Amino acid sequence: MNESLLQVRGLKKYFPLRAGMFSGQRGQVKAVDGVGFDVLRGETFGLVGESGCGKSTVSRLILRLCNADEGEVIFEGDNLLKLPRAAMRRRRARMQMIFQDPFESLNPRMTIGEIIAAPLEIHKTFKGSEKEKRIRELLELVGLAPDYIRRYPHEFSGGQRQRIGIARAIALNPSLVICDEPVSALDVSIQAQILNLLSDIQEAFSLTYILISHDLSVVKHMSDRIGVMYLGKMVEIAGKDDLYTDAMHPYTQALLSAIPEFDTNKKKQRVMLKGDLPSPIDPPEGCRFCTRCLQAMPECATLEPRLVEYKKGHFVACHLYPDKAAGVRDAFMRVKS
Amino acid sequence: MSNCLLEVKDLVTAFTTSKGPLRAVDGVSFQVNSGELIGVVGESGSGKSLTSLSIMGLVPYPGKVVSGEIFFEGQDLLKLEEAEMVKIRGKNIAMIFQDSRVSLDPVCRCGEQIVEAIRTHEKATREEARERALELIGLVGIPNPARCVNAYPHELSGGMCQRIMIAIALSCRPKLLIADEPTTALDVTVQAQILELLDKLRHDFDMSVILITHNLGVVAGVADRIAVMYAGQIMELGDIGEILNHPMHPYTQGLIKSIPKLEVSSKRLYSISGTVPALDKMPSGCRFEQRCPEAMALCATVLPEMCVLSDGQYVCCHKYDTWRSAYE
Ligand SMILES: Nc1ncnc2c1ncn2[C@@H]1O[C@H](COP(=O)(O)OP(=O)(O)O)[C@@H](O)[C@H]1O
Ligand SMILES: Nc1ncnc2c1ncn2[C@@H]1O[C@H](COP(=O)(O)OP(=O)(O)O)[C@@H](O)[C@H]1O
Ligand code: SF4
Ligand SMILES: [Mg+2]
Ligand SMILES: [Mg+2]
């Protein structure tokens, strides 16, 4: 169970920033800046952080939907970023993605059957009547009537469209599925249906998930372990209960305390952050959180903290936790060469 | 009753379509007391925005308030001429929206927009108005007011734009502020700041707030009372603590159970089956009937009435038919 399916090391992506049509390149958006983590086989790894912190970019880099500037993505033993195109295409059948907006990701002119068949055709896994049988089977698996096969996406509600997206994602028996904000566009009463479906399917097909969400409650419910991102950096990684009861990074603490509390009896003592997220074009020196951190010390503004394993399985990047084992285990920053 | 600032009575707002009138708000009644913060919670399409637009007299064509009464300080707003309504909007009742950046004028400096708002509603020299604007910007918690006055909306973050919108809304010291999903587009840490600000301002300015949201968690920390809407109707209304801790309506019960909570570790979530019925396919009985685990034969055909459970707690469900009707 503790075997890693995916290892991400020193992943980096800067997007060029063009200010105007004629002015050429003016700086860079440091979208993902040295991110590393492991995803264990069969687990759900949650990725949480405020919008713009680089979660979607991380997932696109892993699937090579955009090219990384630096880093390694080791999936089932191979560094995907170095794989030749043809080999990568074959490998992509093993890794699928579910998006936030199920409507945007479904071609409106294709029937549900064609949409789900597309990956089967590219990878030539099923033919003819066998293919139709497989599609009907998939529709049933995600809780839709098999007869929907000839209908079009616009005939379905948001929740149903997300079910179609899920059917398409599992069509090729992948081992890894990246779910990017899978319930953020859905109504509260539909969210639970989709989250339960994701859990059922994970169990039935022994899937490994990366679940991306800005909603910590959703991530906590679904995940085994959670990584917290801030401005292109991973600031903390821990088991979900550990993260909830013993959050170490001041940003994680603030994030937890900002979540609206359900229980009105317990007026909680909020750690109220000041100000907004700084721009990823010109992120603060030192610790990226230092401009908003209530516990910042002088060195925070100059020296960048590294992500280290402070306790077993609990990684944190913050100067409040002196780097006991400096140099011994420079956790996920290093790129193996 | 002297305490009551706004009373909405049996409001029906409908859209004229080729399929006939669609009643998107269908018999909504509630009141807002002075100084209170009432949350209106419901899924998208449940009629929250339309209810507030009806109060403001801004229902978009082809929508129209069909029937009902909306008393503001004892005066029925639905009987007013548009010219009189203009005076009430902005002066007595102000509104802020989800996407503040769109509501702000992109080519006008933020300070100027507040000055304009002040001068539309009262006699003030440009100088006086400018001073007030600076003061308001400080009040809504913008760190460097002098610099912000000269900024254009696109130069500010979403959170800062929302603060400017709040400053504009406050510029005329309204008695009622309607905030329609004011934090939905914001990140959680910024959302927490804005909610705290709204809560502080309503005390400082002694104003009432209607906070509209699809997120029950958002109102839990700040509201005094909430109205839970579903498919154009209020299902449950009352004290926030009562409703969160002892929800009575099957919809509220299901909704609360289906939301993942940080402090609970469970394998599966409770989920409400099915989906919200479309406006043109509303059942004649209870609108939640097709999804309700406790539905009885009666529920499919007869619309339940609002019942009073205890002082100030209302619920619209046949399970409580033996309780006192709210209209007696
Ligand atoms: N194709 C792109 N070109 C330029 N900037 C981008 C691109 N994609 C993402 N970004 C920027 O990278 C940062 C991270 O974005 P994203 O990964 O989408 O964050 P998240 O998913 O956490 O909200 C943002 O500042 C975003 O504006
Ligand atoms: N211009 C319109 N024409 C027809 N129906 C509309 C129009 N605007 C809104 N509606 C319908 O009115 C209902 C209530 O909408 P709204 O008040 O915006 O809901 P909420 O704010 O709770 O999401 C929805 O079902 C919506 O589809
Ligand atoms: S009236 Fe009937 S269907 Fe509606 S919520 Fe109550 S029990 Fe359920
Ligand atoms: Mg994203
Ligand atoms: Mg709305």
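This structure is a prediction, so every number in the text was calculated from the model and none was measured.

1. Some details on the interface of chain A and chain B
Argument step 1. Taken together, the contacts link 39 residues of chain A with 43 residues of chain B.
Argument step 2. For the pair chain A and chain B, the two sides together bury roughly 3600 Å², of which 55% comes from carbon and sulfur.
Argument step 3. Scanning the region where chain A abuts chain B turns up 1 salt bridge.
Argument step 4. Note that Arg268 of chain B is salt-bridged to Asp200 of chain A, the shortest N-O span being 2.5 Å.
Argument step 5. Run the count over chain A and chain B and you get 12 residue pairs in polar contact (both at pLDDT 80 or more).
Argument step 6. In terms of residues, the side of chain A that touches chain B owes the most to one element, helix α6 (residues 188-205) of chain A, which gives 9 residues.

2. A few points about empty space enclosed by the protein
Over the atoms, a rolled probe matching the size of one water molecule traces out where space is still vacant.
Residues and elements named next belong to chain A.
Argument step 1. Tallied over the entire structure, the rule returns 5 cavities of 30 Å³ or more.
Argument step 2. In this structure, the largest cavity spans a volume of roughly 130 Å³.
Argument step 3. Lining the largest cavity we find 16 residues, and of these Lys233, Met234, Val235, Pro305 and Ala317 sit closest to its centre.
Argument step 4. Counting residues per element, the lining of the largest cavity draws most heavily on strand β10 (residues 233-239), which supplies 3 residues.
Argument step 5. Looking at side-chain class alone, the lining of the largest cavity contains 9 nonpolar, 3 polar and 4 charged residues.

3. Regarding the packing of helix α3 (residues 112-122) of chain A against helix α5 (residues 158-170) of chain A
Residue and element names in this part refer to chain A.
Argument step 1. For the pair α3 and α5, interaxial distance at closest approach is 7 Å and the crossing angle is 30 degrees. Considering their axes alone, α3 and α5 lie roughly parallel with respect to each other. Here α3 runs over α5; the crossing is right-handed. Within the contact between the two elements, α3 uses Ile112, Ile115, Ile116 and Pro119 and α5 uses Ile164, Ala167 and Arg168.
Argument step 2. In the contact of α3 with α5, the residues fall into 6 nonpolar, no polar and 1 charged.

4. Digging into the site of ligand 1
Residues and elements named next belong to chain A.
Argument step 1. Every residue close to ligand 1 is listed here: Phe15, Val29, Ala31, Glu50, Ser51, Gly52, Cys53, Gly54, Lys55, Ser56, Thr57 and Pro280.
Argument step 2. The contact in question runs from an oxygen atom of ligand 1 to an N or O atom on the backbone of Gly52, over 2.7 Å.
Argument step 3. A distance of 2.8 Å separates an oxygen atom of ligand 1 from a polar atom in the side chain of Ser56.
Argument step 4. Protein chains bury 61% of the 560 Å² of accessible surface belonging to ligand 1 in isolation.
Argument step 5. Those elements giving two or more residues to the shell around ligand 1 turn out to be β2 (25-40) and α1 (55-62).
Argument step 6. Top element by residues in the shell around ligand 1 is α1. It accounts for 3 residues.

5. Quick notes on the domain arrangement of chain B
Residues and elements named next belong to chain B.
Argument step 1. You can read the domains of chain B as domain 1 (4-92 + 176-284) and domain 2 (99-173).
Argument step 2. Computed over C-alpha atoms, the centres of domain 1 and domain 2 are 26 Å apart.
Argument step 3. In this assembly, 15 residues from domain 1 lie in contact with 13 residues from domain 2.
Argument step 4. Between domain 1 and domain 2, roughly 1300 Å² of surface is buried when both sides are summed, and carbon and sulfur atoms account for 69% of that area.
Argument step 5. The interface formed by domain 1 and domain 2 contains 0 salt bridges.
Argument step 6. For the interface between domain 1 and domain 2, the tally reads 2 residue pairs in polar contact (both at pLDDT 80 or more).
Argument step 7. Elements with a contribution of two residues or more to the side of domain 1 that touches domain 2: α2 (82-91) and α8 (188-204).

6. Things to note about the pattern of salt bridges
Argument step 1. Taken as a whole and assessed by the stated rule, the structure comprises 34 salt bridges over all chains.
Argument step 2. As a salt-bridge pair, Glu155 of chain A and Arg151 of chain A come within 3.6 Å of each other at their nearest N and O atoms.
Argument step 3. With relative accessibility at 36%, the residue Glu155 of chain A sits in the partly exposed group.
Argument step 4. Here Glu36 of chain B and Arg225 of chain B are joined by a salt bridge, their closest N and O atoms 2.7 Å apart. With a gap of 189 residues between them, Glu36 of chain B in the loop between β2 (20-33) and β3 (37-42) and Arg225 of chain B in strand β9 (residues 225-230) connect regions that are remote in the sequence.
Argument step 5. Here the residues in one salt-bridge network are Glu112, Glu116, Arg126, Glu127 and Arg130 of chain B, joined through shared partners.

Each value, and the rule that gives it
- Residues numbered from 1 in each chain as written.
- Chains lettered and ligands numbered in written order.
- Predicted model: local features only at pLDDT ≥ 70, side-chain atom pairs only at ≥ 80, totals over all residues.
- Heavy atoms only, no water.
- Contact = heavy atoms within 4.5 Å.
- Buried area = accessible area lost by both parts, 1.4 Å probe.
- Salt bridge = Lys/Arg side-chain N within 4 Å of Asp/Glu carboxyl O.
- Polar contact = N/O pair within 3.5 Å; in protein donor to acceptor, adjacent residues only side chain to side chain.
- Helix = DSSP H or I, 4+ residues; strand = E, 2+ residues; numbered from the N terminus.
- 1 Å grid on protein atoms, 1.4 Å probe; cavity = no way out; pocket = protein on both sides within 12 Å on 5 of 7 lines; lining within 4 Å.
- Points joined across faces, edges and corners; volume = space filled by probe spheres on them.
- Nonpolar A, V, L, I, M, F, W, Y, C, P; charged D, E, K, R; others polar.
- Axes fitted to C-alpha atoms, helices over the stretch in contact; angles between N-to-C directions.
- Parallel < 35°, antiparallel > 145°, perpendicular 65-115°, else oblique.
- Left-handed = near helix turned anticlockwise from the far one by under 90°.
- Near = heavy atom within 4 Å.
- Areas by Shrake-Rupley, 256 points an atom, 1.4 Å probe, with all protein chains shown as cover.
- Domains from an automatic or database assignment.
- Buried < 20%, exposed > 50% of the residue type's maximum accessible area, 1.4 Å probe, protein only.

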